Amino acid sequence: MHALPTWIRLCPVDVLRDPVLAQTAELLAAPATAAALHAGQQAGAYPEEIVAELQRIGVGRLLTAGADVFRLCALNALSASVDGTLAITLGVNALALLPVHLGAAPELQRRVFARVERGAFSSMLLTELEHGSNLLRNQARATVDGDGFRLTGEKHLINGATRHDLLISLMRTAAGEAVAFGDFTLFVVERDATVEALPRWSTLPMRGADIAGVRFHGTRVGPDAIVGKVGDGFSLVQRTLTLSRGGISGLASGCASGALALARQYAHTRDVYGGPIVGLDAIADHLVRHAELDLAAACMAIKAAVAANTLGVGAAVYTAAAKLACCALAEEAVEQGRRVASSRALLTDQPYERFVRDVLLFGVFDGTSHLMLQDLGLRLPQLAKPRQDDAPALPQIAALYAAAPRPLSALGESRAPVRHVDLAAYVRALDAIPGTASLAPLVALTDALLGLVRDLRGHRAWSDQGVRFPLAEALAWLECSLALVELCDPPRRAALGAPACPAAQDLEAIFHGALAGLGLRLRDRLLAAAAAADLAVPAEAVATERELVAARAAPRAAARAHVRAAA
């Protein structure tokens, strides 16, 4: 049976109690499903039969009125652990329907959700070929026509562009060429004869995905097709992407887990020198590294879901950090597995090669890594601001883990503040809890990060992305380290109110190596930022190297034993 993704094993919500997710997991674990999806990838074919079976199971119910971030992220992780094409085919529905949850009038919601539960799939139409990620330059238009609108223009690189029935489309509704947030409106468009499906793009990853363009030939929509109000479109898209980035981290996490399961299986069955190659130290070390990266990605993706569930669009720091970190970790994880499978990871008739291709998409999906670095960099000054009257940090994070799953419609308050916890106080509060890992290096590195940010505010180097981006990346690795501690150190997990998890204890040796590895990444980015700004390296960062290297080496024997256990 296909191993469950680490995301699901560590999640504080028992997502498999949902019967649709449980049946989905069973379907995706079936050898016949894996064979059908692999054949589809080789042929570049849309996974029509598996999609139809998932619709029969009731996957549409996960996307509609009762949808929550935990079940949607679980669906992402499950599907991405098996097949990237299927994962983004399902994932684009969650993305497209998010603004309907967040801003549509009740009657429009009911109409759309009824169509989805009857089997309609949805697509999000944002990008135009000439303008890429700069949505404010888009030119596809909706012009007033009686009491409704006529849509003209093209959208490109759209997932589900030739097949999906409900097209959630961002259109310019203001006259002229000026650029303003209020110039755009979101519409729910039902595919009809005036909607032309343009030829599919041939893609390196997700070969069977329906990536194409859409051309509107005067497509008419009524006033009841507007999501929110005229002029709300860009704001709704911003809120949507803030939340959906946490979902992308779930896709990346699932991909890393699926690749690890295949790499371990291969290492336990491949006999070249008189026994399975997992007995070779070099192979075991690749698997250990893969497992560490997979664990870190899963924890950060879960933390993003936990934060989004409680804070809604106020969780922007966590979702941006998760999008950045999890995609990078997944790419490195797949590379470790590729080294285990060696030449067989490059053969298209072998199963591992799909992960080598598919993992490349997540980093550019719903916002590139550069956009995430820019977003995180803008938030650094608030994080580094001295605190006086804030509430204790530990109860703030515990409240995230204590919150019950909330419907997506509750998460999109446009005026919700971006929530910042006092990082220095929080790391010290975690360190004060007797746990299985010393957090002294993390305390020192947190102080170094915040100190560097304070030193650079007002400095001429602050305007240099070569300085801000390493600091932003350091923040992502810090958040990733905290998520790892919260979910994998049993005493600290308990102190935050998350339910006990057998998987956390099983992964203890992997946890220690992963935490030290993240600390070394954080330290490296701090040194890079200081060097780029021509500032002295913080003493706290210098002092941590020896301790982190030792902490990473200490569990090596136990970690090798873990990956050498029966697959």
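Up top is the structure.
All figures in this text were calculated on a predicted structure; none of them were measured in a lab.

Undergrad: Summarise the side chain of Gln336; cite the residues concerned and give the values.
TA: Following the sequence through the fold, Gln336 ends up in helix H10 (residues 316-341). With sequence-adjacent residues up to four places away left out, Gln336 is seen in contact with His286, Arg289, His290 and Leu293.

Undergrad: Help me get a handle on the packing of aromatic side chains, residues and values and all.
TA: Overall, the coordinates contain three aromatic pairs when judged by the stated rule. Between the aromatic rings of Tyr352 and Phe355, the centroid separation amounts to 5.9 Å while the plane-to-plane angle is 55°, which identifies the pairing as tilted. The residues Tyr352 and Phe355 share a single accessibility class, namely buried. Positioned above the aromatic ring of Trp477 is the side chain of Arg521, whose terminal nitrogen or guanidinium carbon lies 4.8 Å from the ring centre.

Undergrad: Explain the pattern of salt bridges to me, and be specific about the residues and the numbers.
TA: Taken as a whole and assessed by the stated rule, the structure comprises 32 salt bridges. Residues Arg71 and Asp18 are paired through a salt bridge, measuring 2.5 Å at the closest nitrogen-oxygen approach. Here the residue Arg71 occupies a position in helix H5 (residues 69-80), and Asp18 occupies one in the loop between helix H1 (6-10) and helix H2 (19-29), the gap between them amounting to 53 residues. This pair shows no difference in class: Arg71 is buried, exactly as Asp18 is. Where Arg110 meets Glu107, a salt bridge forms, and the shortest distance between an N and an O atom there is 3.0 Å. Of this pair, Arg110 and Glu107 both sit in helix H7 (residues 106-117), three residues apart, which is roughly one turn of that helix.

Undergrad: I'd love a proper account of helix H11 (residues 353-362), names of residues and values included.
TA: Of all 10 residues making up H11, eight are buried, and the element is well covered by its neighbours. For H11, the full list of buried residues reads Glu353, Arg354, Phe355, Arg357, Asp358, Val359, Leu361 and Phe362.

Undergrad: Please provide a residue-by-residue account of the nonpolar core, values included.
TA: If you look at the biggest cluster of nonpolar residues, it comprises 193 residues, and the most contacted ones within it are Trp7, Phe362 and Leu471. It is helix H9 (residues 281-311) that provides the largest number of residues to this core, a total of 19 residues. Among all residues touching Leu471, those that are not within four sequence positions of it are Leu380, Leu449, Leu452, Val453, Leu456, Trp462, Leu526 and Ala529. Leu151, Leu167, Ala212 and Val214 belong to the second-largest nonpolar core, a separate cluster that totals 18 residues.

Undergrad: Tell me about a nonpolar patch on the surface, and please be specific about residues and values.
TA: Residues Leu129, Leu157 and Trp201 make up a contiguous nonpolar surface patch of about 290 Å² in total accessible area. Checked against the element boundaries, Trp201 lands in the loop between strand E6 (195-197) and strand E7 (211-221).

Undergrad: Go over the layout of surface pockets with me, naming the residues and quoting the values.
TA: When its volume is computed, the largest pocket comes out at roughly 1500 Å³. Contributing to the lining of the largest pocket are 48 residues, with Leu241, Arg245, Asp366, Gly367 and Leu371 lying nearest its centre. Where the lining of the largest pocket is concerned, the elements lending two or more residues are helix H6 (84-103), strand E3 (148-159), helix H8 (233-269) and helix H12 (369-384). It is H8 that provides the largest number of residues to the lining of the largest pocket, a total of eight residues.

Undergrad: Give a description of the environment of Pro31 that names residues and reports values.
TA: Looking at the element boundaries, Pro31 is found in helix H3 (residues 31-43). For Pro31 and Gln41, which are 10 residues apart along the polypeptide, the C-alpha to C-alpha distance reads 15 Å.

Undergrad: Mind laying out the pairing of strand E2 (residues 141-145), listing which residues take part and the relevant values?
TA: Bridge count between E2 and E3: five bridges; the pairing is antiparallel. In the strand pairing of E3, Arg141 is matched with Thr152. The antiparallel hairpin formed by E2 and E3 contains two residues in its connecting segment, where Gly146 sits at a positive phi of about 65°.

Cut-off values and rules
Residues numbered from 1 in each chain as written. Predicted model: local features only at pLDDT ≥ 70, side-chain atom pairs only at ≥ 80, totals over all residues. Heavy atoms only, no water. Helix = DSSP H or I, 4+ residues; strand = E, 2+ residues; numbered from the N terminus. Contact = heavy atoms within 4.5 Å. Phe/Tyr/Trp six-rings, centres within 6.5 Å; stacked < 30°, edge-to-face > 60°. Buried < 20%, exposed > 50% of the residue type's maximum accessible area, 1.4 Å probe, protein only. Lys NZ or Arg CZ within 6 Å of the ring centre and 35° of its normal. Salt bridge = Lys/Arg side-chain N within 4 Å of Asp/Glu carboxyl O. Core = buried A, V, L, I, M, F, W, Y, C linked by side-chain atoms within 4.5 Å. Patch = residues over 30% accessible without salt bridge, like charges linked within 9 Å, V, L, I, M, F, W, Y side chains within 5 Å. Areas by Shrake-Rupley, 256 points an atom, 1.4 Å probe, with all protein chains shown as cover. 1 Å grid on protein atoms, 1.4 Å probe; cavity = no way out; pocket = protein on both sides within 12 Å on 5 of 7 lines; lining within 4 Å. Points joined across faces, edges and corners; volume = space filled by probe spheres on them. Pairing = 2+ DSSP bridges.

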